[in-house]
Amino acid sequence: MNMQRFTHKGLAAAAFIALPSLAMAQDAPAPGFDEIGPYIMTTLLFCMAGFLVFFMAAGFAMLEGGLVRSKNVTMQMTKNIALYSVAAIMYWLMGFNLMYPGEFNGYVGSFFVTTTLDPVGVAAADAALDYASVGSDFFFQLVFVAATASIVSGALAERIKLWPFLAFVVVLTGVFYPISGSWQWGGGWLSEAGFSDFAGSTVVHSVGGWAALAGAIVLGPRLGKYGKDGKVNPIPGSNLALATLGTFILWLGWFGFNGGSQLAMGTVGDVSDVSRIFANTNMAAASGAVTALILTQLMYKKPDLTMVLNGALAGLVSITAEPLAPTLFGALWIGAVGGIIVVLTVPMLDKLKIDDVVGAIPVHLFAGIWGTIAVVFYNGDASLGTQLLGIAAYGAFTFVASLVLWFILKATVGIRVGEEEEMTGLDMAELGMEAYPEFSKG
Amino acid sequence: MKLIIATIKPFKLEEVREALTGIGVRGMMVTEIKGFGAQSGHTEIYRGAEYAVNFVPKIKLEVAVSAAMADQVVDTITKAARTGKIGDGKIFVLDIQQALRVRTGETNEDAL
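The notes below deal with the structure included here. (Residues numbered from 1 in each chain as written. Chains lettered and ligands numbered in written order. Predicted model: local features only at pLDDT ≥ 70, side-chain atom pairs only at ≥ 80, totals over all residues.)

### As for the overall build of chain A
Turning to step 1, where the next piece is worked out: Within chain A one finds 15 helices and zero strands.
Turning to step 2, where the next piece is worked out: Relative to a compact globule of 442 residues, whose C-alpha radius of gyration would be 22 Å, chain A shows 22 Å and is just as compact.
Turning to step 3, where the next piece is worked out: Here the C-alpha coordinates of chain A stretch approximately 80 × 45 × 45 Å along the principal axes.
Turning to step 4, where the next piece is worked out: Of all 442 residues assigned to chain A, the portion counted as buried reaches 55%.
Turning to step 5, where the next piece is worked out: Within chain A, counting contacts between residues at least 6 apart in sequence, those at least 24 apart form 80% of the total. (Helix = DSSP H or I, 4+ residues; strand = E, 2+ residues; numbered from the N terminus. Rg over C-alpha atoms; globule rule 2.2 N^0.38 Å. Buried ≥ 20, exposed ≤ 12 C-beta atoms within 10 Å, placed from the backbone. Contact = placed C-beta atoms within 7 Å.)

So, in structure tokens, the structure goes:
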């Protein structure tokens, strides 16, 4: 079983209490590898996995850049680099300590407690030897919250104003995500109840999906997406090569997302588990993609690349709640169900006139719910009732809180560009800068 | 002087250009266009939603030649551009009232 994320606070405190006795033993030998090895290895895991998850920001940017029209690409790139950066600052300002408050009431921790790193050249006696350095832990956790915000930007592309979107990201990454995250990974009430979400099918992906769904409902569809007679008008993306590159980058980043969530690499068991997670993660993505490929061929007579890309991502989201326990065959069928969900729910959202430009809601919310349920098939400690409780709790909190915030933003500053701006494209209307200035208008 | 306007399938452009230079045509104007005719449009599916492709990509070719040469040019384009399948395109022949070469000031047939 994976170590609960919240335990490191307690362990650090234990190390601190043990400090005076260690300090008195002046001529004690330098700590051996048995003592400091796990700390070094786990810190290394967090750093490397953190780099990989960081790169998912590039994956989201390319996926979204490829699936929007060329007149909105500069804006989409602007939102992606801005949301990542805003998330990084908000997580320092309050997010990290709100999400990992140590001892707390199980529902909401303290606000505005900034993150403090280990001192420069920290001595072994002062480090959290049973866990990892604060810097690596903080960095690894903050790249997750950025992924949540990226999910929202894709769904709301091509019509939302830049600044209201970033205002939402400030609250999402500084308040909503850390509060709900603390319920599980911070050792809060859902973790006490026995909810299980290894790397965040619900805690990260569904949360992003719920926030995106609320936003898409309040914002409304893009102009021309739905005809008066209920007809759905596809709006093809500008560059499927970029969208494919983005998907591959996300796939790569997911090894860090799930593998790093082992939260330990100091033993043979832990390092084997990390590699086990890599193999399962890869399998789920592959089966999600193949399923979408076959299903679109059967349903539409031609495979749809954009659905295959979504299928791979849905496979990844599906395995994220339990990437360790399943066999490779288990990962295969869990991912395949994710692929089916995406292919069936993308047209379903269109029927409801909810315009999700990149398929973020089917991929991250619907497959996230599935992945959270699927935990019960291979993890004997999880129960269906508790999994459903967790899904419902995250859904209710994030959806309602997001809905309220979107409505407030809509009523005060407005969240949507004008019709003419939307037709011109956000690049020229809001930024005065085109992604491809030397190409003729299509 | 005649202006011959031909719409052809895009992949036929090189064949048509070779055939025309082969009979002595010394210049042409080429534009990428979209349009529909007998071939009409067709439907495609993107992310589960069907949409109509009403305009098919074509190449528009414009060739200005002496009246004496016009029939031969029309014949040559027809032979080179034909696949026998629907959507091969159309050819229109118009009279040219005046022509002038910008560099030298030559006019009409001398300018072609």
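Right, picking up where we left off after that structure.
### Some words on the overall build of chain B
Turning to step 1, where the next piece is worked out: Each helix and strand counted, chain B has two helices and six strands in total.
Turning to step 2, where the next piece is worked out: When the helices and strands of chain B are placed in sequence order, the string is β-α-β-β-β-β-α-β.
Turning to step 3, where the next piece is worked out: Taken along its principal axes, the extent of the C-alpha atoms in chain B is 60 × 25 × 20 Å.
Turning to step 4, where the next piece is worked out: Within the span of chain B, comprising 112 residues, buried residues form 19% of the whole.
Turning to step 5, where the next piece is worked out: Looking at chain B alone, contacts between residues at least 24 apart form 70% of all its contacts between residues at least 6 apart.

### Topic: the sheet that holds strand β5 (residues 56–65) of chain B
Residue and element names in this part refer to chain B.
Turning to step 1, where the next piece is worked out: Reading across from one edge, β2-β5-β1-β6 is the order of the four strands in this open sheet, with antiparallel pairing throughout. Two strands close off the open sheet at either side, each with one partner strand: β2 (29–35) and β6 (91–95). Across this sheet, the average inter-strand angle for adjacent strands is 25 degrees, counted without regard to direction.
Turning to step 2, where the next piece is worked out: Direction of pairing for strand β1 (residues 2–8) relative to β6: antiparallel, over a ladder of five bridges. Residue pairing in the sheet places Lys2 in a bridge with Asp95 of β6.
Turning to step 3, where the next piece is worked out: Of the strands in this sheet, β1, β2 and β5 are in contact with helix α1 (residues 13–22), which crosses β5 at around 10 degrees.
Turning to step 4, where the next piece is worked out: This element, helix α2 (residues 70–81), spans β1, β5 and β6 of the sheet and lies at about 5 degrees to β1. (Pairing = 2+ DSSP bridges. Axes fitted to C-alpha atoms, helices over the stretch in contact; angles between N-to-C directions.)

### Remarks on the packing of helix α10 (residues 305–320) of chain A against helix α12 (residues 360–378) of chain A
All names here are of chain A.
Turning to step 1, where the next piece is worked out: The interhelical angle for the contact between α10 and α12, taken along N-to-C directions, is 35 degrees, at an axis separation of 7 Å. Our pair here, α10 against α12, has a crossing hand that is right-handed. Of the residues in α12, those in contact with Asn310, Leu313, Ala314, Val317, Ser318, Ile319 and Thr320 of α10 are Pro362, Val363, His364, Ala367, Gly368, Trp370, Gly371 and Ala374.
Turning to step 2, where the next piece is worked out: Of the residues that constitute the contact of α10 with α12, the class distribution is nine nonpolar, six polar and no charged. (Left-handed = near helix turned anticlockwise from the far one by under 90°. Nonpolar A, V, L, I, M, F, W, Y, C, P; charged D, E, K, R; others polar.)

### A word on unusual backbone geometry
Turning to step 1, where the next piece is worked out: One non-glycine residue, Lys353 of chain A, lies in positive phi territory at about 60 degrees.
Turning to step 2, where the next piece is worked out: If you trace the backbone, Lys353 of chain A turns up in the loop between α11 (328–351) and α12.
Turning to step 3, where the next piece is worked out: The phi angle at Asn108 of chain B is positive, at roughly 50 degrees, despite the residue not being glycine.
Turning to step 4, where the next piece is worked out: The exposure class of Asn108 of chain B is partly exposed, given the 14 C-beta atoms found within 10 Å.

### Overview of the environment of Ala127 of chain A
Residue and element names in this part refer to chain A.
Turning to step 1, where the next piece is worked out: In this fold, Ala127 is placed in the loop between α3 (73–99) and α4 (134–155).
Turning to step 2, where the next piece is worked out: When the 21 C-beta atoms within 10 Å are taken as the criterion, Ala127 is described as buried.
Turning to step 3, where the next piece is worked out: Between the C-alpha atom of Ala127 and that of Tyr39, which follows or precedes it by 88 residues, the distance is 8.4 Å.

### A short note on the nonpolar core
For soluble globular proteins, nonpolar side chains are generally found buried alongside one another.
Turning to step 1, where the next piece is worked out: By size, the foremost hydrophobic cluster in this structure holds 130 residues, and its most contacted members are Ala87, Ala155 and Ala212 of chain A.
Turning to step 2, where the next piece is worked out: Element by element, the count of residues in this core is highest for α4 of chain A, at 14 residues.
Turning to step 3, where the next piece is worked out: Setting aside residues no more than four positions away along its own chain, Ala155 of chain A makes contact with Ala212, Gly215, Ala216, Asp356, Val357, Val358, Ala360 and Ile361 of chain A.
Turning to step 4, where the next piece is worked out: Residues Leu20, Val65, Val73 and Ala81 of chain B belong to the second largest nonpolar core, which totals 13 residues. (Core = buried A, V, L, I, M, F, W, Y, C linked by C-beta atoms within 7 Å.)

### Concerning the interface of chain B and chain A
Turning to step 1, where the next piece is worked out: Opposite the six residues of chain B that make contact, chain A presents 12 residues.
Turning to step 2, where the next piece is worked out: For the side of chain B that touches chain A, the secondary structure elements donating two or more residues are β3 (42–46) and β4 (49–53) of chain B.
Turning to step 3, where the next piece is worked out: By residue class, the composition of the side of chain B that touches chain A is four nonpolar, one polar and one charged.

### A short note on α4 of chain A
Turning to step 1, where the next piece is worked out: The end-to-end C-alpha distance of α4 of chain A is 33 Å, a good match for the 32 Å that 22 residues give at a rise of 1.5 Å each.
Turning to step 2, where the next piece is worked out: Buried residues dominate α4 of chain A, accounting for 21 of its 22 residues. (Expected span 1.5 Å × (residues − 1).)

### Brief notes about the packing of α4 of chain A against helix α7 (residues 201–219) of chain A
All names here are of chain A.
Turning to step 1, where the next piece is worked out: Viewed as axis vectors pointing N to C, α4 and α7 meet at an angle of 30 degrees, and their least axial separation amounts to 8 Å. Taken as axis vectors, α4 and α7 run roughly parallel relative to one another. Crossing hand, α4 versus α7: right-handed. Counted together, Phe144, Ala147, Thr148, Ile151, Val152 and Ala155 of α4 and Val204, His205, Val207, Gly208, Gly209, Ala211, Ala212, Gly215 and Ala216 of α7 form the full contact between these two elements.
Turning to step 2, where the next piece is worked out: Looking at the contact of α4 with α7, its residues break down into 10 nonpolar, five polar and no charged. (Parallel < 35°, antiparallel > 145°, perpendicular 65-115°, else oblique.)

### A short note on the environment of Leu52 of chain A
Residue and element names in this part refer to chain A.
Turning to step 1, where the next piece is worked out: With respect to the helices, strands and loops of the structure, Leu52 is situated in helix α2 (residues 33–67).
Turning to step 2, where the next piece is worked out: By the C-beta count within 10 Å, which is 20 here, Leu52 ends up buried.
Turning to step 3, where the next piece is worked out: Sequence separation of Leu52 and Gly253 is 201 residues, and the distance between their C-alpha atoms is 4.4 Å.
Turning to step 4, where the next piece is worked out: Filtering out sequence-adjacent residues up to four positions away, Leu52 remains in contact with Leu252, Gly253, Phe255 and Gly256.

### Describing α12 of chain A
Residue and element names in this part refer to chain A.
Turning to step 1, where the next piece is worked out: For α12, which comprises 19 residues, the first-to-last C-alpha distance of 27 Å matches the rise-based estimate of 27 Å (1.5 Å per residue) to within 8%.
Turning to step 2, where the next piece is worked out: The principal kink in α12, of about 30 degrees, is found at Gly368.
Turning to step 3, where the next piece is worked out: Across the 19 residues that make up α12, a large majority, 16, are buried. (Bend = angle between axes of the 7 residues up to and from the residue.)

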